[in-house]
Amino acid sequence: MIKVTNLTKKFGQIKAVNNISFSVNIGEILGFLGPNGAGKSTTMRIITGFIPQTSGNVCVGGYDVSKHSLKTRENIGYLAGNAPVYPDMTVTGFLKFCAEIRGFSGAALKKKVSETIEKCFLTKVQLQTVETLSKGYKQRVSFAQSIIHDPKYLILDEPTDGLDPNQKYEIRTMIRQMSKTKAIILSSHILEEVDIVCSRAIIITQGSIIADETPKQLRKRSKFYGAVSAIFNTPVKNDIISDLKKHKIIKNIDIKNDNRNLTVFPKTSETAILDTVLTILNNHKTKPVSVFVDKGRLDEVFRTLTVPPDNLLQNVNLSSFLH
Ligand SMILES: Nc1ncnc2c1ncn2[C@@H]1O[C@H](COP(=O)(O)OP(=O)(O)O)[C@@H](O)[C@H]1O
Ligand SMILES: [Mg+2]
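Being a predicted model, the structure only gives us computed values, none of them experimental. Numbers given for residues are sequential positions, taken from 1 along each chain in its written order. Lettering of chains starts at A and numbering of ligands starts at 1, both following the order in which they are written. The predicted nature of this model means local features are confined to residues of pLDDT at least 70 and side-chain atom pairs, given and counted, to a pLDDT of 80 or more, with totals for whole chains, interfaces and linings taken over all residues. Hydrogens and waters are ignored; side-chain quantities use all the structure's heavy atoms.

J.: Even after reading the chapter, I still don't get the site of ligand 1, so can you show me in this structure?
T.: Proximity criterion: a residue is near a molecule or strand once any of its heavy atoms comes within 4 Å of it. Around ligand 1 sit Phe11, Ala16, Pro35, Asn36, Gly37, Ala38, Gly39, Lys40, Ser41 and Thr42, and that is every residue in its neighbourhood. Any pair of N or O atoms that falls within 3.5 Å is considered a polar contact. Within protein, one atom must be able to donate a hydrogen and the other to accept it, and sequence-neighbouring residues count only if both atoms are side-chain atoms. In this structure, an oxygen atom belonging to ligand 1 sits 2.9 Å away from a main-chain N or O atom of Gly39. Here an oxygen atom of ligand 1 sits 2.5 Å away from a polar atom, N or O, in the side chain of Thr42. For the area figures, the Shrake-Rupley method with a 1.4 Å probe applies, and any residue is considered shielded solely by the protein chains shown. Burial of ligand 1 by the protein chains amounts to 62% of its free accessible area of 560 Å². A helix here means a DSSP run of H or I that spans at least four residues, while a strand means a run of E at least two residues long, and both kinds are numbered starting from the N terminus. Take the shell around ligand 1: its biggest share by element is three residues, from helix H1 (residues 40–47). Taken together, the residues that form the shell around ligand 1 break down as four nonpolar, five polar and one charged. For this classification, Asp, Glu, Lys and Arg are treated as charged, while Ala, Val, Leu, Ile, Met, Phe, Trp, Tyr, Cys and Pro are nonpolar and the rest, including Gly, are polar.

J.: How do you make sense of the domain arrangement of the protein when you look at a structure like this?
T.: Often the size quoted for an interface is simply the accessible area lost on bringing the parts together. Throughout the structure description, domain borders are defined by an automatic or database domain assignment. We note that the domain assignment places domain 1 (2–220) and domain 2 (228–322) within the protein. Taken together, the contacts link 13 residues of domain 1 with 11 residues of domain 2. Once two parts are put together, the accessible area they lose, assessed with a 1.4 Å probe and summed over both, is termed the buried area. Taken over both partners, the interface formed by domain 1 and domain 2 buries close to 1100 Å², and the fraction arising from carbon and sulfur atoms is 74%. The largest contributions to the domain 1 side of the interface with domain 2 come from Leu191, Arg219 and Lys220, which together make up 51% of the buried area. A pairing counts as a salt bridge when a side-chain nitrogen of Lys or Arg comes within 4 Å of a carboxyl oxygen of Asp or Glu. Linking domain 1 with domain 2 are one salt bridge. Two residues qualify as a contact provided that any one of their heavy atoms is within 4.5 Å of a heavy atom in the partner residue.

J.: Could you clarify how one ought to interpret the nonpolar core in this entry?
T.: Looking at soluble globular proteins, one finds that nonpolar side chains tend to be buried together. Remark: nonpolar core denotes a set of buried residues (Ala, Val, Leu, Ile, Met, Phe, Trp, Tyr, Cys) joined through side-chain atoms within 4.5 Å. In this scheme, a residue with accessible area under 20% of its type's maximum is buried, one over 50% is exposed, and one in between is partly exposed, where area comes from a 1.4 Å probe on protein chains only. Membership of the largest hydrophobic core comes to 43 residues, with the highest contact counts inside it found for Leu95, Leu122, Phe143, Leu156 and Ile175. When we break this core down by domain, the ones giving at least three residues each are domain 1 (2–220) and domain 2 (228–322). Once you skip the residues sitting within four places of it in the chain, Ile175 turns out to touch Ile29, Phe143, Leu156, Pro159, Ile184, Leu186 and Val197. Core analysis: the next-biggest nonpolar cluster, separate from the first, contains 26 residues, Ala16, Val24, Tyr153 and Ile202 among them.

J.: Is there a simple way to think about H1 in this case?
T.: Residues spaced three or four apart along an α-helix point in a common direction, a consequence of the helix completing one turn every 3.6 residues. Counting buried residues in H1 gives six out of eight residues, a clear majority hidden from the surface. All buried positions along H1 are accounted for by Lys40, Thr42, Thr43, Met44, Ile46 and Ile47.

J.: Can you help me understand the layout of surface pockets in this one?
T.: Using a probe with the size of a water molecule, rolled over the atoms, empty space left in the structure can be pinpointed. As defined here, a cavity is a set of points on a 1 Å grid over the protein atoms alone where a 1.4 Å probe fits but cannot get out. A pocket is an open set with protein on both sides within 12 Å along at least five of seven lines, and residues line them when an atom is within 4 Å of a point. Grid points are joined across faces, edges and corners, and a volume is the space filled by probe spheres set on the points. Of the voids in this model, the largest pocket is the one considered here, and its volume is about 630 Å³. At the level of secondary structure, the elements contributing two or more residues to the lining of the largest pocket comprise helix H2 (69–74), strand S6 (76–79) and helix H3 (91–101). Element by element, the count of residues in the lining of the largest pocket is highest for H3, at four residues.

J.: How should the packing of aromatic side chains be read in this particular structure?
T.: Two descriptors summarise a pair of aromatic rings, namely the distance from one centre to the other and the angle between the planes of the rings. Ring pairs are drawn from Phe, Tyr and Trp, using the six-membered ring of Trp, whenever the two centres fall within 6.5 Å, and their geometry is named by plane angle: stacked under 30 degrees, edge-to-face over 60, tilted for the rest. Overall, the coordinates contain five aromatic pairs when judged by the stated rule. With a centroid separation of 5.2 Å and 70 degrees between ring planes, the pair formed by Phe50 and Tyr78 is classed as edge-to-face. With Phe50 in the loop between H1 and strand S4 (55–60) and Tyr78 in strand S6, this residue pair connects regions lying 28 residues apart in the sequence. With a relative accessible area of 58%, Phe50 lands in the exposed category. Seen from their ring centres, Phe224 and Phe265 are 5.8 Å apart, and the 45 degrees between their planes marks the pair as tilted. Remark: Phe265 occurs in strand S13 (residues 261–266) and Phe224 occurs in the loop between helix H8 (215–220) and strand S11 (228–231); sequence separation between them is 41 residues. Among the aromatic residues, ring-to-ring pairing joins Tyr86, Phe94 and Phe97 into one connected group. Its end group placed over the ring of Tyr137, Arg140 keeps NZ or CZ at 4.3 Å from the ring centre. A ring is considered to have a charge above it if a Lys NZ or an Arg CZ atom is located within 6 Å of its centre and within 35 degrees of its normal.

J.: Could you clarify how one ought to interpret the environment of Val125 in this entry?
T.: Inspection of the secondary structure assignment puts Val125 in the loop between helix H4 (106–119) and helix H5 (135–147). On the basis of relative accessible area, Val125 is assigned to the buried category, the value being 5%. As for Val125 and Asn252, which are separated by 127 residues in sequence, their C-alpha atoms are 57 Å apart.

J.: Which parts of the structure should I look at to understand the packing of H5 against helix H6 (residues 165–178)?
T.: Each pair of packed helices gets described by two things: the angle between the helix axes and the distance between those axes. Where H5 contacts H6, the axes come no closer than 11 Å and their chain directions differ by 10 degrees. In terms of axis orientation, H5 runs roughly parallel to H6. On H6, the residues touching Gly136, Arg140, Phe143 and Ile147 of H5 are Gln167, Glu170, Ile171, Met174, Ile175 and Met178. Partitioned by chemical class, the residues of the contact of H5 with H6 number six nonpolar, two polar and two charged. The convention used is that axes are lines fitted to C-alpha atoms, helices contributing only their stretch in contact, and that angles between N-to-C directions extend from 0 to 180 degrees. By definition in this entry, angles of less than 35 degrees are roughly parallel, angles greater than 145 are roughly antiparallel, angles of 65 to 115 are roughly perpendicular, and the rest are oblique.

In structure tokens, the structure reads:
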């Protein structure tokens, strides 16, 4: 596992990382979330042995990174933020070079390179120089070098940054496919990505951890979690609204568009209210044209947690603009 204990990093007066602790087990994909400058990349650089910490320690696979740098780096794959790949090398040339410094030679090296090229969908461009590749392909090459030695520990700094939706999908699929046998940390400021890919999420802001839970637990903190939104062709009668409001498992109702759009909030995040809402509507012989249960909104939770309350603008409910 990767175990980070009381890790602190100062750059002069700046405390980029402030006494953070967490661990990641094999089989887990940990999402590292936070606004720009939160300390995500700095933490990753320390874990991969690129820069030393000011205090605290990092163990990877039972070895202290600062004491057994080579031993730990053998088992780590690292995709750095800015996809550093040599521009004038061909894809195959670059990956051969990477495999060589990872200790492969002869037939084993050839096999590793061709396997990785296939796995990362690079066959088409394998003879091109890196500088001629699009951003998405460069990122795949970078990703390929991070997994070429099949590392147990994979540290990916914004792996899908700048990719189009299809390329994002491919990289996410590859990450998920590999996760059973690896401990993976990936940083992102795309909340949706963390929800789709990660089994756990850590939110970091100003160098400190402010949440460490599953994406679902994070979504549960959203005031929209479990809310039922219903849209009607004609305005809903006020006696229906008051029946809904009266029910003991319903907290309140947000009404928009002249009683045509209702968002009904449950008393607690543990309460399922869909059946109750539909029964009450049915009792009044009223049918919505669409209805959905909100999964909770990570962007709202993220903003509430990472923006000081004074700067928090009122969240705008866009649903009335969308219908
Ligand atoms: N080499 C460095 N020298 C000085 N300050 C740095 C250095 N690297 C990062 N920082 C500062 O540390 C803080 C955290 O940066 P970083 O870890 O890159 O954040 P993130 O990856 O979350 O955007 C920022 O305030 C950044 O300016
Ligand atoms: Mg960064």
